[in-house]
Amino acid sequence: MAAKNIMIVGVGGQGTLLTSRILGGLALLGGYDVKLSEVHGMAQRGGSVVTFVRYGDKVAEPIVEEGQADVLIAFERLEALRYAHFLKPGGALVVNDWRIDPMPVVTGAASYPEGILETLAEHHKVYAVNATEEAKKLGNPRTFNLVVLGLAAQHMDFTREQWYEVIEKTVPPKTIEINKKAFETGYHL
């Protein structure tokens, strides 16, 4: 199998690293060669966090080039807009329909763009979910990343059983059931 390129983008503290570990574990479970790369902006200050996961029969390097991502998982709308050019034609853009103001917007130096999802849909296949609201309904808003991952799972080559096995091994033991519920919610959207 040719390498599959997954890119995860978000804001510091949104669980991009946990998500990349789940994807990496999944690729290993599937018997693939896998490479992970984490690029931190000002993660602790709410800046961009970008993670690449590449898997296939043989993967040489961890970085996904612009225009090469099969799936782009974005935990926030503006991050989706910022990194959409990494998506290959026909790739899936899975977005948490949620807004987190970056520092320039907070300080009034810039304004948050309007109509981001509509703009993205002009050139990409966009699959959007308000995962934060869905996770709140489940009783734990912090599990929104698993809701997004459940939606993204529909565009990858793994069974639900494989996803569950890796989620159980990767998330903190006390949170296994709520994380599996969150994944299931996204998977059925």
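This write-up is about the structure you can find in this document. The residue numbering used here restarts from 1 in each chain and proceeds along that chain's sequence as written. Residue-level local features of this predicted model are given only where pLDDT is at least 70; pairs of side-chain atoms are given and counted only at 80 or more, and the full residue set underlies all totals for whole chains, interfaces and linings. In computing side-chain properties, one takes all heavy atoms of the structure into account and sets aside hydrogens as well as water.

### Regarding the pairing of strand 4 (residues 69-74)
Each regular strand shows side chains that alternate between the opposite faces of the sheet. Stated formally: Remark: exposure states derive from per-residue accessible area (1.4 Å probe, protein chains only) relative to the maximum for the residue type, with buried under 20%, exposed over 50%, and partly exposed in between. Secondary structure elements are taken from DSSP: a helix is a run of H or I of four residues or more, a strand is a run of E of two residues or more, and numbering for both begins at the N terminus. Strand pairing requires that DSSP identify at least two bridges connecting the strands.
Strand 4 sits mainly inside the fold: six of its six residues count as buried. Relative to strand 4, strand 1 (residues 4-11) is paired through four bridges, and the arrangement is parallel. Bridging across to strand 4, V9 finds its partner in A74. Two strands pair when backbone bridges link them, and strand 4 and strand 5 (residues 87-96) are joined in this way by five bridges, in the parallel orientation.

### Some details on the packing of helix 5 (residues 131-138) against helix 6 (residues 144-153)
Applicable threshold: Helix axes are fitted to C-alpha atoms over the stretch in contact, other axes to C-alpha atoms as well, and angles between N-to-C directions run from 0 to 180 degrees. Put simply, a crossing is left-handed when the front helix is turned counterclockwise from the back one by less than a right angle, and right-handed when it is turned clockwise. Contacts are assigned to residue pairs with any non-hydrogen atoms lying within 4.5 Å of each other. Each residue is assigned to one of three groups, with Ala, Val, Leu, Ile, Met, Phe, Trp, Tyr, Cys and Pro labelled nonpolar, Asp, Glu, Lys and Arg labelled charged, and all others, Gly among them, labelled polar.
Packing of helix 5 against helix 6 leaves a shortest axis separation of 8 Å and a crossing angle of 115 degrees. Like other packed secondary-structure pairs, helix 5 and helix 6 cross with a definite hand, here right-handed. Facing A131, T132, E134 and A135 of helix 5, the residues of helix 6 in contact are F144, V147 and V148. A breakdown of the residues in the contact of helix 5 with helix 6 according to their chemical character gives five nonpolar, one polar and one charged.

### Some thoughts on the environment of R54
Our working definition: Pairs of N or O atoms are called polar contacts if they sit within 3.5 Å, as long as, within protein, a hydrogen donor faces a hydrogen acceptor (for residues adjacent in sequence, only side-chain-to-side-chain pairs).
Mapped onto the fold, R54 is located in strand 3 (residues 48-56). Apart from the residues within four sequence positions on either side, R54 is in contact with A3, K4, N5, D33, V34, K35, V59, E61, P62, I63 and V64. At 2.5 Å, the side chain of R54 forms a polar contact with the side chain of N5.

### With respect to the packing of aromatic side chains
Quick note on the threshold: Classification of ring pairs rests on two measures: the distance between centres of Phe, Tyr or Trp rings, Trp counted by its six-membered ring, which must be within 6.5 Å, and the angle between planes, read as stacked under 30 degrees, edge-to-face over 60 and tilted in between.
Counted under the stated rule, the structure contains ten aromatic pairs. With a centroid separation of 6.2 Å and 85 degrees between ring planes, the pair formed by Y32 and F158 is classed as edge-to-face. Residue Y32 is located in the loop between helix 1 (16-29) and strand 2 (33-40), and its partner F158 is located in the loop between helix 6 and helix 7 (160-170); the two are separated by 126 residues in the primary sequence. F158 shares its class with Y32; the two are buried. A relative accessible area of 7% places F158 in the buried class. Among the aromatic residues, those joined into a cluster by ring pairs are Y32, Y55, F158, W163, Y164, F183 and Y187.

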